[in-house]
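One letter stands for each residue in the lines below.
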Amino acid sequence: MPGLLGKKIGMTSVFSAEGKNVPCTVIEVGPCVVTQLKTVENDGYEAIQIGFQEKKEKHTTKPLMGHFQKAGVAPQRHLAEFKGFDKEFKLGEIISVDLFEENSFVDVIGTSKGKGFQGVVKRHGFGGVGQSTHGQHNRLRAPGSIGASSYPSKVFKGMRMAGRMGGDRVTVQNLLVLKVIPEHNLLMVKGSVPGCKGSIVLIEK
């Protein structure tokens, strides 16, 4: 699907035409620059690699520097590939937030906030066990049994237990585009998107 890279600015709310207060997320989308054109002959598939946010040459590795010089663009901090663009692009061409239209739907992909080591109640939604009275001392938020002891004498993979929570790649589908502000490269989508303020997200049509 065609799309662009962006940065999550934060959340706010706007009033709809019906007077409803709608929560929305503000995303700075692009401008993104085309850094590579992948073709079936050379790469086995068609795609466009785009870059977002310029960075200094001294912070760029030499192989990547050669990659950007071949495209004739400044070094980019973030790279991503997208397929299925309607029009053809050239190396070094700028793609802006105009790619998206108001009242259309987009998918937003980001990395969720890391929440550290969490127990099973917060991480998996366990309900706790029974009553907190009748001599039950500290077992209310415990996971309970994790498997038989005699056979198979092991804990199966995928057992829901306590552990690190968050920091995962999350896709939120079918978010309504409320407003496009091209002069400031801003996109306002209904609802929330994964990640903290300032995190990089992928916006797909």
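Residues numbered from 1 in each chain as written. Predicted model: local features only at pLDDT ≥ 70, side-chain atom pairs only at ≥ 80, totals over all residues. Heavy atoms only, no water.

Trainee: Give me the overall build of the chain: which residues, what numbers.
Mentor: In terms of helices and strands, the chain carries three helices and twelve strands. Its C-alpha atoms give the chain principal-axis dimensions of about 70 × 50 × 35 Å. Here the contacts in the chain between residues at least 6 apart in sequence split such that 69% fall between residues at least 24 apart. When the accessible surface of the chain is split by element, carbon and sulfur atoms take 51% of a total near 13100 Å². (Helix = DSSP H or I, 4+ residues; strand = E, 2+ residues; numbered from the N terminus. Contact = heavy atoms within 4.5 Å. Areas by Shrake-Rupley, 256 points an atom, 1.4 Å probe, with all protein chains shown as cover.)

Trainee: Could you give an account of the sheet that holds strand 3 (residues 32-38), with specific residues and numbers?
Mentor: Spatial ordering of the open sheet is given by 5-4-3-6, a layout of four strands whose pairing is antiparallel. Across the chains shown, the open sheet's two edge strands, defined by having one partner strand only, are strand 5 (76-82) and strand 6 (94-95). The pairing of strand 3 with strand 6 spans two bridges and is antiparallel. Looking at strand 6, one finds that Val33 is bridged to Ile94. Running at roughly 95° to strand 3, helix 2 (residues 62-71) makes contact with strand 3, strand 4 (47-54) and strand 5 of the sheet. (Pairing = 2+ DSSP bridges. Axes fitted to C-alpha atoms, helices over the stretch in contact; angles between N-to-C directions.)

Trainee: Can you lay out a positive patch on the surface for me, pointing to particular residues and giving the numbers?
Mentor: Taken together, Lys113, Lys115, Lys122 and Lys197 make up a surface patch of like positive charges. With respect to the helices and strands, Lys122 occurs in helix 3 (residues 120-124). (Patch = residues over 30% accessible without salt bridge, like charges linked within 9 Å, V, L, I, M, F, W, Y side chains within 5 Å. Salt bridge = Lys/Arg side-chain N within 4 Å of Asp/Glu carboxyl O. Lys, Arg positive; Asp, Glu negative; His and termini not counted. Charge placed at Lys NZ, Arg CZ, Asp CG, Glu CD.)

Trainee: Run through the nonpolar core, naming residues and quoting values.
Mentor: Within the largest apolar cluster, 29 residues are counted, with the highest numbers of intra-cluster contacts made by Phe100, Leu187 and Ile203. In terms of nonpolar packing, the next biggest core, distinct from the first, is built from five residues, Val26, Ile181, Leu186 and Met188 among them. (Core = buried A, V, L, I, M, F, W, Y, C linked by side-chain atoms within 4.5 Å. Buried < 20%, exposed > 50% of the residue type's maximum accessible area, 1.4 Å probe, protein only.)

Trainee: Which residues make up the environment of Gly144, and what values go with them?
Mentor: Here Gly144 is to be found in the loop between helix 3 and strand 9 (163-165). On the basis of relative accessible area, Gly144 is assigned to the partly exposed category, the value being 43%. Sequence separation between Gly144 and Val22 is 122 residues; the distance between their C-alpha atoms is 42 Å.

Trainee: Any details on the environment of Ser96? Residues and values, ideally.
Mentor: For Ser96, the position within the fold is in the loop between strand 6 and strand 7 (105-111). Along the backbone, Ser96 and Leu4 are 92 residues apart, and their C-alpha atoms lie at a distance of 8.2 Å.

Trainee: Can you break down helix 2 residue by residue, with the values?
Mentor: Every buried residue belonging to helix 2 is among Met65, Phe68 and Ala71, and all of these are buried. The arc that holds the buried residues of helix 2, viewed along the axis, is 125°, so those residues lie on one side. Seen from the buried face of helix 2, the exposed residues on the opposite side, beyond 90 degrees, are Lys62, Pro63, Gln69 and Lys70. In this fold, the buried residues of helix 2 make contact with strand 3 and strand 5. (Arc of directions from axis to C-beta.)

Trainee: For the pattern of salt bridges, give the residues involved together with the corresponding values.
Mentor: It is possible for side chains bearing opposite charge to pair when their charged atoms get close. On inspection of all chains with the given rule, the structure shows three salt bridges. The partner of Lys38 in a salt bridge is Glu81, and the shortest N-O contact between them spans 2.9 Å. Of this pair, Lys38 sits in strand 3 while Glu81 is found in strand 5, placing the two residues 43 residues apart along the sequence. Among the ionic pairs, Lys87 bridges to Glu93, the shortest N-O distance being 3.5 Å. According to the relative accessible area criterion, Glu93 is partly exposed, its value standing at 24%.

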